[in-house]
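So you can see what is in the structure, the chains are spelled out below.
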Amino acid sequence: VVLKKSIDLSSGVFATTYFFNPANGEYVLLRANGSLISIDPENGTIANSVLLESAIQEACFDAPNKRLIGLTYSEITNQNFIEILNIETGDLLSRVQIKEKNSYHAGISGFDAETNCYILVSADNVILFIDIATGELKDSYPIAFDITEFKFWRSI
(Lines give C-alpha, C1' and ligand atoms only; values in the text may rest on other atoms or scores of the structure.)
Protein backbone atom coordinates (compact mmCIF):
# COMPACT_ATOMS: atom_id res chain seq x y z
CA VAL A 1 0.00 0.00 0.00
CA VAL A 2 1.53 3.32 -1.07
CA LEU A 3 -1.36 5.52 0.03
CA LYS A 4 -4.34 5.00 2.26
CA LYS A 5 -6.64 8.00 2.50
CA SER A 6 -10.34 8.44 3.08
CA ILE A 7 -12.31 10.41 0.49
CA ASP A 8 -15.50 12.34 1.22
CA LEU A 9 -18.10 10.86 -1.12
CA SER A 10 -20.86 12.91 0.60
CA SER A 11 -24.10 11.59 -0.91
CA GLY A 12 -22.52 8.31 -2.09
CA VAL A 13 -21.58 7.05 -5.54
CA PHE A 14 -23.14 5.01 -8.33
CA ALA A 15 -21.34 1.67 -8.25
CA THR A 16 -21.66 1.16 -12.02
CA THR A 17 -19.88 4.35 -13.14
CA TYR A 18 -16.18 4.63 -12.43
CA PHE A 19 -13.07 4.75 -14.62
CA PHE A 20 -9.43 5.78 -14.85
CA ASN A 21 -8.76 8.81 -17.05
CA PRO A 22 -5.31 8.31 -18.61
CA ALA A 23 -5.23 11.90 -19.91
CA ASN A 24 -4.86 13.33 -16.40
CA GLY A 25 -3.97 10.17 -14.45
CA GLU A 26 -7.02 10.44 -12.20
CA TYR A 27 -9.69 8.03 -11.04
CA VAL A 28 -13.24 9.21 -11.69
CA LEU A 29 -16.41 8.32 -9.79
CA LEU A 30 -20.03 9.38 -10.33
CA ARG A 31 -21.52 10.76 -7.14
CA ALA A 32 -25.17 10.12 -6.31
CA ASN A 33 -25.77 13.87 -6.68
CA GLY A 34 -24.89 13.61 -10.40
CA SER A 35 -21.37 15.02 -10.32
CA LEU A 36 -18.24 13.36 -11.63
CA ILE A 37 -15.36 13.63 -9.21
CA SER A 38 -11.74 13.15 -10.26
CA ILE A 39 -9.43 11.79 -7.58
CA ASP A 40 -5.68 12.29 -7.68
CA PRO A 41 -4.19 8.87 -6.82
CA GLU A 42 -0.94 10.47 -5.60
CA ASN A 43 -2.56 12.18 -2.62
CA GLY A 44 -6.20 11.04 -2.56
CA THR A 45 -7.63 14.53 -2.99
CA ILE A 46 -10.57 15.43 -5.19
CA ALA A 47 -8.92 17.28 -8.07
CA ASN A 48 -12.09 18.22 -9.95
CA SER A 49 -15.87 17.97 -9.80
CA VAL A 50 -18.24 18.39 -12.75
CA LEU A 51 -22.03 18.35 -12.46
CA LEU A 52 -23.56 16.29 -15.26
CA GLU A 53 -26.54 17.65 -17.17
CA SER A 54 -28.24 14.25 -17.06
CA ALA A 55 -28.66 11.43 -14.55
CA ILE A 56 -26.83 8.86 -16.66
CA GLN A 57 -26.41 5.25 -15.50
CA GLU A 58 -24.43 2.22 -16.67
CA ALA A 59 -21.90 4.67 -18.09
CA CYS A 60 -18.78 3.83 -20.10
CA PHE A 61 -15.84 6.15 -20.63
CA ASP A 62 -14.76 6.90 -24.20
CA ALA A 63 -11.28 8.28 -23.44
CA PRO A 64 -10.24 9.49 -26.93
CA ASN A 65 -13.37 11.64 -27.19
CA LYS A 66 -13.56 12.66 -23.50
CA ARG A 67 -17.15 11.55 -23.17
CA LEU A 68 -19.34 9.36 -21.03
CA ILE A 69 -21.84 7.07 -22.78
CA GLY A 70 -24.68 5.59 -20.81
CA LEU A 71 -28.31 4.81 -20.26
CA THR A 72 -31.28 6.80 -19.00
CA TYR A 73 -34.90 5.80 -18.58
CA SER A 74 -38.05 7.91 -18.79
CA GLU A 75 -40.91 6.76 -16.56
CA ILE A 76 -43.23 9.11 -18.47
CA THR A 77 -42.63 7.48 -21.88
CA ASN A 78 -41.40 4.08 -20.64
CA GLN A 79 -38.41 4.43 -22.97
CA ASN A 80 -34.66 3.90 -22.61
CA PHE A 81 -32.17 6.35 -24.08
CA ILE A 82 -28.47 6.37 -24.85
CA GLU A 83 -26.99 9.65 -23.71
CA ILE A 84 -23.53 11.03 -24.29
CA LEU A 85 -22.02 13.64 -21.98
CA ASN A 86 -18.83 15.67 -22.10
CA ILE A 87 -16.75 14.71 -19.04
CA GLU A 88 -15.05 18.12 -18.85
CA THR A 89 -18.17 20.30 -18.94
CA GLY A 90 -20.97 17.88 -17.98
CA ASP A 91 -22.93 18.99 -21.06
CA LEU A 92 -25.32 16.59 -22.78
CA LEU A 93 -23.92 16.03 -26.28
CA SER A 94 -26.60 13.70 -27.65
CA ARG A 95 -29.63 11.63 -26.67
CA VAL A 96 -31.21 8.91 -28.80
CA GLN A 97 -34.04 6.57 -27.97
CA ILE A 98 -33.20 2.88 -27.99
CA LYS A 99 -35.50 1.54 -30.69
CA GLU A 100 -35.96 -1.99 -29.37
CA LYS A 101 -37.63 -2.39 -25.97
CA ASN A 102 -35.75 -4.58 -23.52
CA SER A 103 -34.99 -4.91 -19.87
CA TYR A 104 -31.28 -4.88 -19.10
CA HIS A 105 -29.00 -6.41 -16.49
CA ALA A 106 -27.78 -3.68 -14.15
CA GLY A 107 -24.06 -3.05 -13.94
CA ILE A 108 -23.26 -4.64 -17.30
CA SER A 109 -22.36 -2.30 -20.14
CA GLY A 110 -19.57 -1.48 -22.53
CA PHE A 111 -18.63 0.66 -25.51
CA ASP A 112 -17.11 -0.51 -28.79
CA ALA A 113 -15.53 2.43 -30.64
CA GLU A 114 -14.98 0.37 -33.79
CA THR A 115 -18.72 -0.22 -34.33
CA ASN A 116 -19.79 2.93 -32.43
CA CYS A 117 -22.02 0.76 -30.26
CA TYR A 118 -23.09 0.82 -26.65
CA ILE A 119 -23.20 -2.73 -25.33
CA LEU A 120 -25.88 -4.02 -22.95
CA VAL A 121 -27.06 -7.45 -21.85
CA SER A 122 -30.81 -8.03 -22.00
CA ALA A 123 -32.76 -9.76 -19.25
CA ASP A 124 -32.96 -12.72 -21.69
CA ASN A 125 -29.14 -12.99 -21.70
CA VAL A 126 -28.56 -11.53 -25.14
CA ILE A 127 -25.57 -9.24 -25.66
CA LEU A 128 -26.85 -6.23 -27.61
CA PHE A 129 -24.77 -3.84 -29.72
CA ILE A 130 -26.77 -0.61 -30.01
CA ASP A 131 -25.66 2.17 -32.36
CA ILE A 132 -25.10 5.31 -30.27
CA ALA A 133 -26.01 7.62 -33.17
CA THR A 134 -29.36 6.02 -34.06
CA GLY A 135 -30.41 3.85 -31.11
CA GLU A 136 -30.88 0.91 -33.48
CA LEU A 137 -29.75 -2.63 -32.73
CA LYS A 138 -26.70 -3.41 -34.88
CA ASP A 139 -25.97 -6.91 -33.64
CA SER A 140 -26.86 -9.39 -30.92
CA TYR A 141 -25.36 -12.53 -29.46
CA PRO A 142 -27.38 -14.88 -27.24
CA ILE A 143 -25.48 -16.47 -24.40
CA ALA A 144 -26.52 -19.68 -22.67
CA PHE A 145 -25.63 -18.66 -19.12
CA ASP A 146 -26.29 -15.92 -16.60
CA ILE A 147 -23.79 -13.10 -16.64
CA THR A 148 -23.01 -10.59 -13.92
CA GLU A 149 -20.12 -8.69 -15.50
CA PHE A 150 -18.07 -8.51 -18.68
CA LYS A 151 -15.24 -6.45 -20.12
CA PHE A 152 -15.06 -5.68 -23.80
CA TRP A 153 -11.90 -4.90 -25.74
CA ARG A 154 -10.40 -5.55 -29.12
CA SER A 155 -6.90 -6.85 -29.69
CA ILE A 156 -4.47 -4.55 -31.42
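Residues numbered from 1 in each chain as written. Predicted model: local features only at pLDDT ≥ 70, side-chain atom pairs only at ≥ 80, totals over all residues. Heavy atoms only, no water.

Trainee: Please clarify how the environment of N48 should be interpreted in this entry.
Mentor: You can see N48 is positioned in strand β4 (residues 46-51). By relative accessible area, which is 39% here, N48 ends up partly exposed. Placed ten residues apart in sequence, N48 and S38 show a C-alpha to C-alpha distance of 5.1 Å. Among residues more than four places away in sequence, those in contact with N48 are L36, I37 and S38. (Helix = DSSP H or I, 4+ residues; strand = E, 2+ residues; numbered from the N terminus. Buried < 20%, exposed > 50% of the residue type's maximum accessible area, 1.4 Å probe, protein only. Contact = heavy atoms within 4.5 Å.)

Trainee: Is there a simple way to think about the pairing of strand β10 (residues 117-122) in this case?
Mentor: Successive side chains on a regular strand alternate, one facing one side of the sheet and the next facing the other. With six of six residues buried, β10 lies mostly within the body of the structure. Neither face of β10 is left uncovered, since the one carrying C117, I119 and V121 and the one carrying Y118, L120 and S122 both have all their residues buried. Strand direction decides the pairing type here: strand β9 (residues 104-112) and β10, joined by five bridges, are antiparallel. If you follow G110 over to β10, its bridge partner there is I119. Where β9 folds back onto β10 in an antiparallel hairpin, the turn is made up of four residues, including N116, whose phi is positive at roughly 60 degrees. As judged from the five bridges shared by β10 and strand β11 (residues 126-131), these two strands associate in the antiparallel manner. Looking at the pairing, I119 lines up with F129 of β11. Taking the residues between adjacent antiparallel strands as the criterion, β10 and β11 are bridged by three residues, where N125 takes a positive phi near 60 degrees. (Pairing = 2+ DSSP bridges.)

Trainee: What am I meant to see in the packing of aromatic side chains here?
Mentor: Here a ring pair, both rings aromatic, is described through the centre-centre distance and the interplanar angle of the planes. As enumerated under the stated definition, the model contains three aromatic pairs in all. Pairing F19 with F61 gives two aromatic rings, centres 4.1 Å apart and planes at 15 degrees, and the pair type is stacked. Taken together, the positions of F19 in strand β1 (residues 13-21) and F61 in strand β5 (residues 57-62) put the pair 42 residues apart, joining distant regions of the chain. When its relative accessible area of 18% is taken as the criterion, F61 is described as buried. The ring of F81 carries the charged tip of R95 above its face, separated from the ring centre by 3.6 Å. (Phe/Tyr/Trp six-rings, centres within 6.5 Å; stacked < 30°, edge-to-face > 60°. Lys NZ or Arg CZ within 6 Å of the ring centre and 35° of its normal.)

Trainee: Sorry, what's going on with the sheet that holds strand β7 (residues 79-86) here?
Mentor: Pairing between sheet strands relies on hydrogen bonds along the backbone, with the strands arranged either parallel or antiparallel. In spatial order, the strands read β5-β6-β7-β8; together these four strands make up an open sheet with antiparallel pairing. Both edges of this open sheet fall to β5 and β8 (92-97), since each of them pairs with a single strand only. Going from strand to strand, the sheet's axes swing by 20 degrees on average, the running direction of each strand aside. Across four bridges, the pairing between β5 and strand β6 (residues 67-74) is antiparallel. Note on β6: the bridge partner recorded for Q57 is L71. (Axes fitted to C-alpha atoms, helices over the stretch in contact; angles between N-to-C directions.)

Trainee: How do you make sense of the nonpolar core when you look at a structure like this?
Mentor: Within soluble globular proteins, side chains that are nonpolar generally end up buried alongside one another. Counting residues in hydrophobic clusters, the biggest one holds 15 residues, and the most contacted among them are I82 and Y118. At the level of secondary structure, the elements contributing two or more residues to this core comprise β6, β7, β9, β10 and β11. Here this core takes three residues from β11, the largest share from any one element. In terms of nonpolar packing, the next biggest core, distinct from the first, is built from eleven residues, L30, L52, I56 and A59 among them. (Core = buried A, V, L, I, M, F, W, Y, C linked by side-chain atoms within 4.5 Å.)

Trainee: How do you make sense of the sheet that holds β4 when you look at a structure like this?
Mentor: Read from one edge of the open sheet, four strands run β1-β2-β3-β4, paired in antiparallel fashion. Edge strands, defined here as strands with exactly one partner in the open sheet, are β1 and β4. Pairs of neighbouring strands in the sheet enclose a mean axial angle of 20 degrees, with direction left out of account. Relative to strand β2 (residues 26-31), β1 runs antiparallel, the two being bridged by five bridges. Within β2, the residue paired with V13 across the bridge is R31.

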